[in-house]
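The primary structure of each chain is shown beneath.
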Amino acid sequence: MRKEHLPFSRPLIGKEEIDAIVQTLQSGWLTTGARAVQFEEQFAEQAGAPAALAVNSCTAALHTALLALGIGPGDEVITTPFTFAASVNVIEHTGARPVLVDVEADTFNIQPELVEQALTPQTRAILPVHYAGHPVEMDPLLELAEHHQLEIVEDAAHAFPASYRGVKVGSRKNLAAFSFYPTKNLTTGEGGMLTGDTGILKKARVISLHGLSHDAWRRYEKGANWYYEVLLPGFKYNMPDIAAVLGLVQLSRIDEFQERRRAVVRAYTGAFSACTALETPVERSYVEHSWHLYPLRLREEELTIDRNRFIEELAARNIDTSVHFIPVHLHPYYRDKYGFHPEDFPVAYGNYRRVLSLPLYPGLQDQDVADVIEAVLDIVRLYRR
Ligand SMILES: *Cc1c(COP(=O)(O)O)cnc(C)c1O
């Protein structure tokens, strides 16, 4: 059995990242400046995005996106219960009503047919979440959006770099929000990026920095004009240069990171797919999965222990795991405000009860991966029905 504790996640930070941050600290410019602009340009290029806006979290990017589209009280936004609360909290922040619809069993992603059924005259936008990095079925959603004049805001927190039918997530004109939280595929410590059409991103930029008129962050630069105007009561969502340089270095290593993630996934799926008590995650033939998470489902009918016990057994073998996600409709705020019951979204609820996320990050060594596989199979052997 493994002796050392294996963390669920750990960012891969090397000398290059550390040197870049030290240089920024020594440069005299710590807040949003030239490095943030460079990070926006580089990210837009790699994601194939028309334009990009760097902010201090994906949550900020999602909130800014909804505000830039003018979404507010009286509007409805359709999204999934199978996500982190931030995706739905931001809808609440605008005063709009979040409308949840159930997910597909195999990808855990929003079901396009249910989106169509949930449309009302108040529907203004669809907020799909690319769960674990597996792209959502975008074609039917884009068709619905076009037909009913709806906005699409993608929660792409997990989905860099991913693609759907050859189109990179974040490369469309509609808004998409990425996360650089430490567990995500690329990190800036805390941070996020909003991509989309240049015009709407101009509006988003104003909202993301106090509502100040264009390029106000330059007001402390050498020879800069001190004058600015407040156009609306905006937010304080800008990304500092200290974070942006970390992102720039991480961006240059993303191919190496993704290669390692895919190798770990191949090893896990190779080891688990023959085991009938386990259900491995899918990757549809026409997508490129970014493999942010490895959600493994247990077949409860084959085991004498439930998911919670399975997690405890892994922890006893020094392996940390997590659960993504506790569905939104189970959280007290949403449950009580909208009167949700667990079975209102039976697929999401069923998946939640039997899923766990295994460690998946580029810093995993071959021995770590072998230890996870051995521990999982050992528990299955011990508790098979
Ligand atoms: C991590 C995450 C977010 C929030 O990202 P932050 O950068 O921490 O704000 C939003 N949605 C999903 C699905 C996430 O996993």
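Look up a bit, the structure's there.
Residues numbered from 1 in each chain as written. Predicted model: local features only at pLDDT ≥ 70, side-chain atom pairs only at ≥ 80, totals over all residues. Heavy atoms only, no water.

Colleague: What's the story with helix 1 (residues 15–27) in this structure? I'm lost.
Modeller: For the α-helix, the turn length of 3.6 residues means that residues three or four positions removed from each other point alike. With 13 residues, helix 1 extends 18 Å from end C-alpha to end C-alpha; this agrees with the ideal 18 Å at 1.5 Å per step. Here helix 1 has its buried residues at Glu 17, Ala 20 and Thr 24. Taken end-on, helix 1 shows its buried residues confined to a sector of 65°, consistent with a single buried face. Within helix 1, the exposed residues directed more than 90 degrees away from the buried face are Lys 15, Gln 23 and Gln 26. Turning to helix 1, the residues buried within the fold contact helix 8 (241–252). Just downstream of helix 1, Gly 28 is the residue with a positive phi angle, here 90°. (Helix = DSSP H or I, 4+ residues; strand = E, 2+ residues; numbered from the N terminus. Expected span 1.5 Å × (residues − 1). Buried < 20%, exposed > 50% of the residue type's maximum accessible area, 1.4 Å probe, protein only. Arc of directions from axis to C-beta. Contact = heavy atoms within 4.5 Å.)

Colleague: Whenever I open this one, the pattern of salt bridges confuses me. Can you help?
Modeller: Here the idea is simple: oppositely charged side chains can pair when their charged atoms come close. In the structure shown here, the tally under the stated rule is 23 salt bridges. Residue Glu 17 is joined to Arg 253 by a salt bridge in which the shortest nitrogen-to-oxygen separation is 2.8 Å. With Glu 17 in helix 1 and Arg 253 in the loop between helix 8 and helix 9 (254–272), this residue pair connects regions lying 236 residues apart in the sequence. Accessibility assignment for this pair places Glu 17 and Arg 253 in one class, buried. Notably, a salt bridge pairs Glu 40 with Arg 205, separated by 3.2 Å at the nearest N-O pair. Of this pair, Glu 40 sits in helix 2 (residues 34–47) while Arg 205 is found in helix 7 (residues 198–208), placing the two residues 165 residues apart along the sequence. With relative accessibility at 9%, the residue Glu 40 sits in the buried group. By sharing partners, the salt bridges in this structure join Arg 309, Glu 313, Arg 317, Asp 378 and Arg 381 into a single network. (Salt bridge = Lys/Arg side-chain N within 4 Å of Asp/Glu carboxyl O.)

Colleague: Looking at this structure, how should I read the packing of aromatic side chains?
Modeller: Counted under the stated rule, the structure contains 21 aromatic pairs. Between Tyr 131 and Phe 325, the ring centres sit 6.1 Å apart and the planes meet at 75°, which makes this aromatic pair edge-to-face. You can see Tyr 131 sitting in the loop between strand 4 (123–127) and helix 6 (138–148) and its partner Phe 325 sitting in the loop between helix 10 (307–316) and helix 11 (332–338), a full 194 residues away along the chain. Among the aromatic side chains, those forming a connected cluster through ring pairs are Phe 39, Phe 43, Phe 160, Phe 178 and Phe 180. Lying over the aromatic face of Tyr 286, Arg 165 brings its terminal NZ or CZ to 3.9 Å of the ring centre. One residue, Arg 307, lies across the ring of Tyr 352, its end atom 4.9 Å from the ring centre. (Phe/Tyr/Trp six-rings, centres within 6.5 Å; stacked < 30°, edge-to-face > 60°. Lys NZ or Arg CZ within 6 Å of the ring centre and 35° of its normal.)

Colleague: Any chance you could explain the pairing of strand 12 (residues 294–298) here in plain terms?
Modeller: In summary, the side chains of a regular strand alternate between the two faces of the sheet. Strand 12 sits mainly inside the fold: 5 of its 5 residues count as buried. Burial along strand 12 is two-sided: the face carrying Tyr 294, Leu 296 and Leu 298 and the face carrying Pro 295 and Arg 297 are both buried. Pairing geometry for strand 10 (residues 278–279) and strand 12, over 2 bridges, is antiparallel. Counterpart to Leu 278 in the pairing with strand 12 is Leu 298. (Pairing = 2+ DSSP bridges.)

Colleague: Sorry, what's going on with empty space enclosed by the protein here?
Modeller: Regions of empty space are outlined by a rolling probe, equal in size to a water molecule, passed over the atoms. Inspection of the entire model under this criterion finds 6 cavities of 30 Å³ or more. Considered as a void within the structure, the second largest cavity measures approximately 80 Å³ in volume. Here the residues of the lining of the second largest cavity are counted per class, giving 7 nonpolar, 5 polar and 3 charged. (1 Å grid on protein atoms, 1.4 Å probe; cavity = no way out; pocket = protein on both sides within 12 Å on 5 of 7 lines; lining within 4 Å. Points joined across faces, edges and corners; volume = space filled by probe spheres on them. Nonpolar A, V, L, I, M, F, W, Y, C, P; charged D, E, K, R; others polar.)

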